[in-house]
Amino acid sequence: MRLITPGRHNEPSFIDGYPMEEARRQSSDTLVPCPQCDLILSVAPPAPGEWVRCPRCRHPLARHTVNDQTSPALAASALILLAVALAFPYIRFEKNGVSDQMGLLDAATQLAAFHHPALAVVVFATIVVVPACFLVALLWVHASLARATPLAGTAMLVRALPRWRPWMMADVFAIAALVSLIKIAGMAQVTLKPGFWAFSGFALALLVTVQRLHPLALWVRLTGPPQAPPGTRPGLTAGEQGLIGCEQCGQLQPVDGHSRCRRCGGALHPRRPASLQRTWALLIAATLCCFPAHLYPIMTTTSLGNTQPATIISGVMQFLSHGDWPIALIIFSASVLVPFGKIMALAWLCLAVRRGAPVDMHAQMRLYRITEWVGRWSMIDVFVVAIVVALVRLGNLMSITPGPGGVAFAAVVVLTMLAAFSFDPRLLWDRQPPSDAPSDPARPATPTMAER
C-alpha cells in the first residue's frame, strides 16, 4: 500500500485534480460512494497488488481483481476437500480398550439426537451448508464472467455472496477442534483421521477465497463501471447531493422514489430502515439470553456413573486447574469478553449516533469494524460442545451430553451478529458537520489523501 496525494499527474491518482474537465475525469475514474461514510470518491483502477481505501473512514473500496483465476481454483479445491472431509472419519477416541469415532456430520446429528435441533441446524449450516453454497455460487459467477452472455441468476448470486460471508465458520470450527483435542486428551487417547486434515485444508482454502472476494469488482466485470448522474461531485456525500448509493454495487442514483437499484436490482435505502431500533431490540434480546447462557450448564459429563455439569465459567476454570491457561484465555475471551464487549460496544455506537457533540470518528469506526469482525469467534464454545458430544459416546464408561446453556449461548452469538449487521455506520457520519462547498463551483471538491 502507498499514500497518493491527489493532483499529481505523473502517477495514478485517487482523485484527479483541477483543471481536468469533469467529463474527462469521470471517463477515466469511477465515482462510487463509500458504503460506511457515504462520501463520494473518484476511484482509479488499482494496479496489481494494490487496493484503495476511503480517505475519510478507511474502508477498503477497490482492489485489483481483473481476470482472477485464483479464486475459482481455490473454490474448486475447497469443495473437493469438503467432500473428502465428509466422506472420511474426523477423530477417533479410545479409553480403556473401548473406542469410537466421529465424522464431520456427527457434530450436528448428535446434537439433534439429544433434542437440540436448533443448535444442530446452526452447526451444520455454518460449517457445511453456507460454505458449500458460497463456493458453488462463486464458481457459477466466475463461469458466467467468462462467457459473452452471463448465466441466469448471476446478479442474484453476486448480491448474495457478501451476505453469506459472515456466516461461514469453518475456520472457527477448526480452532474449536484443537481446543476439544486439548480438553479430552487427558481423558483418553485421541487419533486424528483423514477427515480432520481434509477439513483443515478446506477451512484454509475457504478463508483465502473469502479474503479475495470483492463484490464491487465483480459488478464492474459483470455490468461495467457504475455511471454516476451528471454533475456528481467527489468530496461531498451522496446525501448532500440528493443521491443514493447502492450498498450492493456502488451505483449512484437520484432520490426519485425508486426502491430498486437500476444497475443490480438491489434494495435502495438512504439509510438502513429502522437501524437503531432493530439494533437496540437485538441487543436487549442478546442481553437476556446471556443469563441462561452462563447460569445453565453448557454440557454434562458422565464418567463411571458420576455426572458433572459444566458451565462456561467452570470450563474455563477447569482448563486453568490443568495448567492450560492459553486455552482458558481463548475460551474466556471468546465466550465472555467478546459477547459482553460486543453488546457494550454496539450500545455505545447507538448512543454516539444520538450525540450532538463531535466524536473521534476514526476510533468509532475502528470499534465498529472490530465488533463486526470478532463476533463469529464466539461460536468456538458451541463448536467445542458439538465435537465432544459427537466424539465421547462410550456409555456408562464416559459420555458427554449438551446442556441448555449451549442453545442460549448460540442465541447470544447470532443475535449480536445480527445487531452488528443491522447498525448503519453512516448514521455516525451524519452527525458530523457537512462538507464545505468549494469556492469555485467548476473545481471538484477532493479529499486530501487516499491510500492504496
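The structure displayed is predicted, hence computed values, not measured ones. (Residues numbered from 1 in each chain as written. Predicted model: local features only at pLDDT ≥ 70, side-chain atom pairs only at ≥ 80, totals over all residues. Heavy atoms only, no water.)

Participant: Any chance you could explain the overall build of the protein chain here in plain terms?
Facilitator: Scanning the protein chain from N- to C-terminus turns up 15 helices and 14 strands. Residues counted as buried form 51% of the 452 residues belonging to the protein chain. Nonlocal contacts in the protein chain, meaning residues at least 24 apart in sequence, comprise 73% of its contacts between residues at least 6 apart. Accessible surface computed for the protein chain: about 20100 Å², of which carbon and sulfur atoms make up 63%. (Helix = DSSP H or I, 4+ residues; strand = E, 2+ residues; numbered from the N terminus. Buried < 20%, exposed > 50% of the residue type's maximum accessible area, 1.4 Å probe, protein only. Contact = heavy atoms within 4.5 Å. Areas by Shrake-Rupley, 256 points an atom, 1.4 Å probe, with all protein chains shown as cover.)

Participant: Please explain the pairing of strand β6 (residues 91–95) as it appears in this structure.
Facilitator: For a regular strand, side chains alternate in direction, first toward one face of the sheet and then toward the other. Burial along β6 is one-sided: the face carrying Ile-91, Phe-93 and Lys-95 is buried and the face carrying Arg-92 and Glu-94 is not. Here β6 pairs with strand β7 (residues 98–102) via five bridges, running antiparallel. By the bridge assignment for β7, Glu-94 is matched with Ser-99. Of the strand pairs in this sheet, β6 and strand β8 (residues 189–192) are connected by four bridges, and their pairing is antiparallel. Residue Glu-94 lies in a different strand from β8, and its bridge partner there is Gln-189. (Pairing = 2+ DSSP bridges.)

Participant: What should I look at first to understand the packing of helix α2 (residues 70–87) against helix α7 (residues 194–212) in this one?
Facilitator: If you want to describe how two helices pack, look at the angle between their axes and the distance between the axes. One way to put it is that α2 packs onto α7 with a least axis distance of 8 Å and a crossing angle of 155°. When the interaxial angle is binned, α2 and α7 end up roughly antiparallel. Here the hand of the crossing between α2 and α7 comes out left-handed. Between α2 and α7, the residues in contact are Thr-70, Ser-71, Leu-74, Ala-75, Ala-78, Leu-81, Leu-82, Val-84 and Ala-85 and Gly-195, Ala-198, Phe-199, Gly-201, Phe-202, Ala-205, Leu-206, Val-208, Thr-209 and Arg-212, respectively. Residue composition of the contact of α2 with α7, by class: 13 nonpolar, five polar and one charged. (Axes fitted to C-alpha atoms, helices over the stretch in contact; angles between N-to-C directions. Parallel < 35°, antiparallel > 145°, perpendicular 65-115°, else oblique. Left-handed = near helix turned anticlockwise from the far one by under 90°. Nonpolar A, V, L, I, M, F, W, Y, C, P; charged D, E, K, R; others polar.)

Participant: Before we go on, may I ask you to explain unusual backbone geometry in this structure?
Facilitator: Among all residues save glycine, negative phi is the norm, and among peptide bonds the norm is trans. Positive phi is not limited to glycine here, since His-115 has a value of about 65°. Structurally, His-115 can be placed in the loop between α3 (106–113) and α4 (117–145). The exposure class of His-115 is exposed, given its relative accessible area of 70%. Notably, Ala-274 is not glycine yet its phi reads approximately 50°, a positive angle. For Ala-274, a relative accessible area of 40% gives the class partly exposed.

Participant: Teacher, can you tell me more about the pattern of salt bridges here?
Facilitator: Between side chains of opposite charge, a pair can form when the charged atoms approach closely. In total, this model carries seven salt bridges according to the counting rule given. When the shortest N-O distance is used, the salt bridge between Arg-271 and Asp-38 registers 3.3 Å. Separated by 233 residues along the polypeptide, Arg-271 in the loop between β10 (252–254) and α9 (275–295) and Asp-38 in the loop between β2 (30–33) and β3 (40–43) bring together distant segments of the chain. For Asp-38, a relative accessible area of 5% gives the class buried. Two residues, Asp-430 and Arg-271, come together in a salt bridge whose shortest N-O distance is 2.9 Å. Highlighted residues: Asp-430 in helix α15 (residues 426–430) and Arg-271 in the loop between β10 and α9, separated in sequence by 159 residues. What makes Arg-271 partly exposed here is its relative accessible area of 21%. (Salt bridge = Lys/Arg side-chain N within 4 Å of Asp/Glu carboxyl O.)

Participant: I keep staring at a nonpolar patch on the surface and nothing clicks. Help me out?
Facilitator: On the surface, Trp-280, Ile-284, Leu-288, Phe-291, Leu-295, Tyr-296 and Leu-351 cluster together to form a nonpolar patch covering roughly 780 Å² of accessible area. Mapped onto the elements of the fold, Trp-280 is located in helix α9. Overall, Trp-280 belongs to the partly exposed group, its relative accessible area being 32%. (Patch = residues over 30% accessible without salt bridge, like charges linked within 9 Å, V, L, I, M, F, W, Y side chains within 5 Å.)

Participant: Just to check I follow, could you spell out the sheet that holds strand β11 (residues 299–303) for this structure?
Facilitator: The strands that make up a sheet are held in pairs by hydrogen bonds between backbone atoms, and each pair lies either parallel or antiparallel. Pairing is antiparallel across the open sheet formed by three strands, whose spatial order is β12-β11-β13. At either margin of the open sheet sits one strand with a lone partner, and together these are β12 (306–310) and β13 (398–402). On average, each strand axis in the sheet is inclined to that of its neighbour by 20°, with strand direction left out of account. Where β11 lies against β12, five bridges are found, and the strand directions are antiparallel. By the bridge assignment, Met-299 is partnered in β12 with Ala-310. Across the face of the sheet, helix α13 (residues 380–391) comes into contact with β11 and β13 while running at roughly 140° to β13.

Participant: Explain the packing of aromatic side chains to me, please; I cannot follow it from the model alone.
Facilitator: Two aromatic rings, taken as a pair, are described by how far apart their centres are and by the angle between their planes. All told, the structure shown has ten aromatic pairs when counted by the stated rule. A centroid spacing of 6.2 Å and a plane angle of 80° characterise the contact between Tyr-90 and Phe-199, whose relative ring orientation is edge-to-face. Of this pair, Tyr-90 sits in the loop between α2 and β6 while Phe-199 sits in helix α7, and the two are 109 residues apart along the sequence. The two residues Tyr-90 and Phe-199 agree in class, both being buried. Judged by centre distance (5.8 Å) and plane angle (75°), the ring pair of Trp-167 and Phe-421 falls under edge-to-face. Highlighted residues: Trp-167 in the loop between α5 (154–164) and α6 (170–185) and Phe-421 in helix α14 (residues 404–422), separated in sequence by 254 residues. In this structure an aromatic cluster arises from ring pairing among Tyr-90, Phe-173, Phe-196, Trp-197, Phe-199, Phe-202 and Phe-383. (Phe/Tyr/Trp six-rings, centres within 6.5 Å; stacked < 30°, edge-to-face > 60°.)

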